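Fold and contact review
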Amino acid sequence: MHEFSIVSALIEQCEQLALEHQAKGIARVAVKIGALSGVEPQLVKTAFDTFREDGMCKGAELEMDVAPLELDCKACGAHSIPDDIAYLCPVCQSRDIKVSGGEEMLLMQLELIYD
């Protein structure tokens, strides 16, 4: 379960940012998880709920946005979000495509506590 090490690094990053901004705690963490990132959202939630209790993330809410696969066709120039995971352009059926989104996991927002 690599999600545990990913969440451990995420919490470490959040706590470092909170310290840099002299925050007392963290209220909310928002992440974007690509459909092809290889990260299972439910396991991320479980790991976050487990690891958050020992530091500045104690009680923090986790928001997850699962981003779809995005493709750019080099043949016809179309940008698409296919309904299923298929590596061909839904417009011209070309296989000359580039994945332009859906493989990432990003920290999008961090709500800090200053009280």
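None of these values were measured; they are calculated from a predicted model.

Conventions used here
Residues numbered from 1 in each chain as written. Predicted model: local features only at pLDDT ≥ 70, side-chain atom pairs only at ≥ 80, totals over all residues. Heavy atoms only, no water. Core = buried A, V, L, I, M, F, W, Y, C linked by side-chain atoms within 4.5 Å. Buried < 20%, exposed > 50% of the residue type's maximum accessible area, 1.4 Å probe, protein only. Helix = DSSP H or I, 4+ residues; strand = E, 2+ residues; numbered from the N terminus. Contact = heavy atoms within 4.5 Å. Pairing = 2+ DSSP bridges. Right-handed = clockwise from strand over helix to strand, strands pointing away. UniProt positions renumbered as here; feature names shortened; annotations may be inferred. Expected span 1.5 Å × (residues − 1). Arc of directions from axis to C-beta.

**A few points about the nonpolar core**
Ile26, Val29 and Phe48 are the most contacted members of the largest nonpolar core, which totals 18 residues. Elements supplying a minimum of two residues to this core: helix H1 (3–20), strand E1 (25–34) and helix H2 (41–51). Per-element accounting of this core gives the leading share, five residues, to H1. If we ignore the near neighbours within four places in the chain, the residues touching Phe48 are Val7, Ile11, Val29, Ala60, Glu61 and Leu62.

**A short note on the pairing of E1**
Of all 10 residues that make up E1, eight are buried, and the element is covered over most of its length. One ladder, built from eight bridges, connects E1 with strand E6 (residues 105–113); its direction is antiparallel. From the neighbouring strand, Ile26 faces E6, where its bridge partner is Leu112. For E1 and strand E2 (residues 61–67), the ladder comprises seven bridges, and the chain directions are parallel. Pairing of Val31 across the sheet is with Met64, part of E2. Read as a crossover between parallel neighbours, the route from E1 over H2 to E2 is right-handed.

**Description of the UniProt feature "binding site: Ni(2+)" (unreviewed entry) in the protein chain**
UniProt's feature table lists "binding site: Ni(2+)" (unreviewed entry) at His2, given in the numbering used throughout. Residue position: His2 is located in the segment before H1. His2 sits in the partly exposed class, given a relative accessible area of 40%. Apart from the residues lying within four places of it in its own chain, the contact partners of His2 are Gly38 and Val39.

**Here's the deal with H1**
Its 18 residues place the ends of H1 25 Å apart at the C-alpha level, agreeing with the 26 Å of an ideal helix rising 1.5 Å per residue. Those residues of H1 not exposed but buried are Glu3, Val7, Leu10, Ile11, Cys14 and Ala18. Down the axis of H1, the buried set is contained in an arc of 95°. They therefore lie on one face. Turned more than 90 degrees from where H1 packs its buried face, Glu12 and Leu19 sit exposed. Backbone geometry just downstream of H1 places Gln22 in the positive-phi region, at approximately 50°.

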